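The chain contents come next:
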Amino acid sequence: MLKNKIILITDAMHFLGIPGSKAMTAEGATIYAQDAAFEDADSRASFESEVPGAIALSEQEPEAIVEHVIAAEGRLDVMINNDAFPALKAAIDEASIDDFRETIEALMVRGFRYAKVASKHMKAASQGKIIFVSSAAPKHGIPNYSMYVAARGGTNALAQTLAKELGRYNIQVNALAPNFVESPTYFPKEIIENEAAYKKITAQIPLGRLGKREEAGDYLVFLASDKSNFITGQVLYFAGGWA
């Protein structure tokens, strides 16, 4: 499904980075990956060993990373903003403004920067896909997680707006919006292994379980492929019926 596709994915050591990269390379894609840990050569080597065929980049700034891919391949077919950041719990009257700014920076501003530079090359090529891996949380809201939910909601709105802006250039923009998917960022091992805590979490989910990251990775393959060429401006939920 992804033969000869050139794909860039961010925060590759988090969220859907590894399962998504594995699924996409298995379908023939060339994967370039960014992560803060990749400033370290050993971390890059470890990722490339875990995801054979992927290329881990040491650069950290969005502009430099996209330009690296363009210089190496001549194009960028798919830009995946797999932005990950802890969901900080705080009542609104106790929430830190600095924490809120940091959350917005990680989950909205970085993705905006990647979309800005990637879209320039995609417009010139008259084709491309931009995918934001966000969250289903804004669909209903989650008390005491206003910082995280607001940032994810902004990203979902950004995807819908950019779809209308960039559609005439044959660029599809969508948000893959998971919730209740296994991830150490949001569901640490101590919670998953606590039977009472796990039951409390999964009781909210119509399908009665957490989603597998590999399942979300397969969804990512579809959105990155030509099979989704007539899908744009969508917030596509992946939440076991919760959304």
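Structural data are supplied above this passage.
First, a word on scope: everything that follows refers to the structure included in this document. Just so it is clear, the model here is predicted, and its values are computed rather than measured.

A short note on the packing of aromatic side chains
A complete count under the given rule lists 4 aromatic pairs for this structure. Residues Phe180 and Phe187 carry aromatic rings whose centres are separated by 6.3 Å and whose planes lie at 25° to one another, so their mutual orientation is stacked. Take Phe180 and Phe187: they sit in the same class, and that class is buried.

What to know about the packing of helix α3 (residues 62-73) against helix α4 (residues 97-125)
Where α3 meets α4, the closest approach of the two axes is 9 Å, and the angle between their N-to-C directions is 30°. With respect to α4, the element α3 is oriented roughly parallel. Once α3 is placed against α4, the crossing between them reads as right-handed. Across the interface between the two elements, Pro62, Glu63, Ile65, Val66, Glu67 and Ile70 of α3 pack against Arg113, Tyr114, Val117, Ala118, Lys120 and His121 of α4. Of the residues assigned to the contact of α3 with α4, the class counts are 7 nonpolar, 1 polar and 4 charged.

Details of the side chain of Arg110
Mapped onto the elements of the fold, Arg110 is located in helix α4. For Arg110, a relative accessible area of 17% translates into the label buried. Beyond its immediate sequence surroundings of up to four residues, Arg110 is in contact with Thr10, Asp11, Gln34, Asp83 and Glu105.

As for the sheet that holds strand β1 (residues 6-9)
Strand order across the open sheet formed by 7 strands is β3-β2-β1-β4-β5-β6-β7, with parallel pairing between neighbours. The sheet terminates laterally at β3 (55-56) and β7 (235-238), the two strands that pair on one side only. Where strand β5 (residues 128-133) and strand β6 (residues 171-178) come together, 6 bridges link them in parallel fashion. Its bridge partner being in β6, Phe132 is matched across the sheet by Ala175. Strands in contact with helix α5 (residues 146-166) are β5, β6 and β7; relative to β6, the strand with the most contacts, it is inclined by about 160°.

Here we look at the side chain of Ser134
In this fold, Ser134 is placed in the loop between β5 and α5. Only 2.4 Å separates the side chain of Ser134 from the side chain of Asn156, close enough to count as a polar contact. Contact partners of Ser134, with chain neighbours within four places excluded, come to Phe15, Arg152, Thr155, Asn156, Ala175, Leu176, Ala177 and Pro178.

A short note on the layout of surface pockets
Over the atoms rolls a probe the size of a water molecule, and its path tells where empty space is left. For the largest pocket, the calculated volume is near 710 Å³. For the largest pocket, the lining is made up of 26 residues, of which Ile142, Tyr145, Phe180, Tyr186 and Phe187 are closest to its centre. Among the secondary structure elements, those contributing two or more residues to the lining of the largest pocket are α5 and α7 (195-202). With 3 residues, the single largest contributor to the lining of the largest pocket is α7.

With respect to unusual backbone geometry
Excluding glycine, most residues fall at negative phi; most peptide bonds, likewise, are trans. In the Ramachandran plot, Phe15 falls in the positive-phi region, its phi being about 50° despite a non-glycine side chain. In this fold, Phe15 is placed in the loop between β1 and α1 (17-26). We note that Asn170 has phi near 65°; this positive angle belongs to a residue other than glycine. Secondary-structure assignment places Asn170 in the loop between α5 and β6. Relative accessible area serves as the criterion here: at 40%, Asn170 is assigned to the partly exposed category.

Conventions adopted
What you see as residue numbers is a count from 1 along each chain, following the sequence as written. Side-chain atom pairs in this predicted model are given and counted only at pLDDT of 80 or more, local residue features only at pLDDT of at least 70, and totals for whole chains, interfaces and linings cover all residues. Hydrogens and water molecules were not included; the side-chain quantities draw on all heavy atoms of the structure. What counts as a ring pair is set by centres within 6.5 Å for rings of Phe, Tyr and Trp (its six-membered ring), and what kind of pair is set by the plane angle: stacked under 30 degrees, edge-to-face over 60, tilted for all other angles. Buried means the residue's accessible area, taken with a 1.4 Å probe over protein chains only, is under 20% of the maximum for its type, while exposed means over 50%, and partly exposed covers the values in between. Working convention: axes come from line fits to C-alpha atoms, limited for helices to the stretch in contact. Angles between N-to-C directions cover 0 to 180 degrees. Put simply, DSSP H or I for four residues or longer makes a helix, DSSP E for two residues or longer makes a strand, and each gets a number counted from the N terminus. The labels follow the angle: roughly parallel below 35 degrees, roughly antiparallel above 145, roughly perpendicular from 65 to 115, and oblique for the rest. By definition, any crossing whose near helix is turned counterclockwise from its far helix by less than a right angle is left-handed, and any crossing with a clockwise turn is right-handed. Between two residues, a contact is recorded if the distance between any of their heavy atoms is within 4.5 Å. Gly falls in the polar group here, along with every residue not listed as nonpolar (Ala, Val, Leu, Ile, Met, Phe, Trp, Tyr, Cys, Pro) or charged (Asp, Glu, Lys, Arg). In this analysis, strands are considered paired if DSSP registers two or more bridges between them. Counting of polar contacts relies on pairs of N or O atoms within 3.5 Å, with two restrictions inside protein: one atom must be capable of donating a hydrogen and the other of accepting it, and residues adjacent in sequence are counted only when both atoms are side-chain atoms. Cavity: a set of points on a 1 Å grid over the protein atoms alone where a 1.4 Å probe fits but cannot get out. Pocket: an open set with protein on both sides within 12 Å along at least five of seven lines, its lining residues, like those of a cavity, having an atom within 4 Å of a point. Grid points are joined across faces, edges and corners, and a volume is the space filled by probe spheres set on the points.

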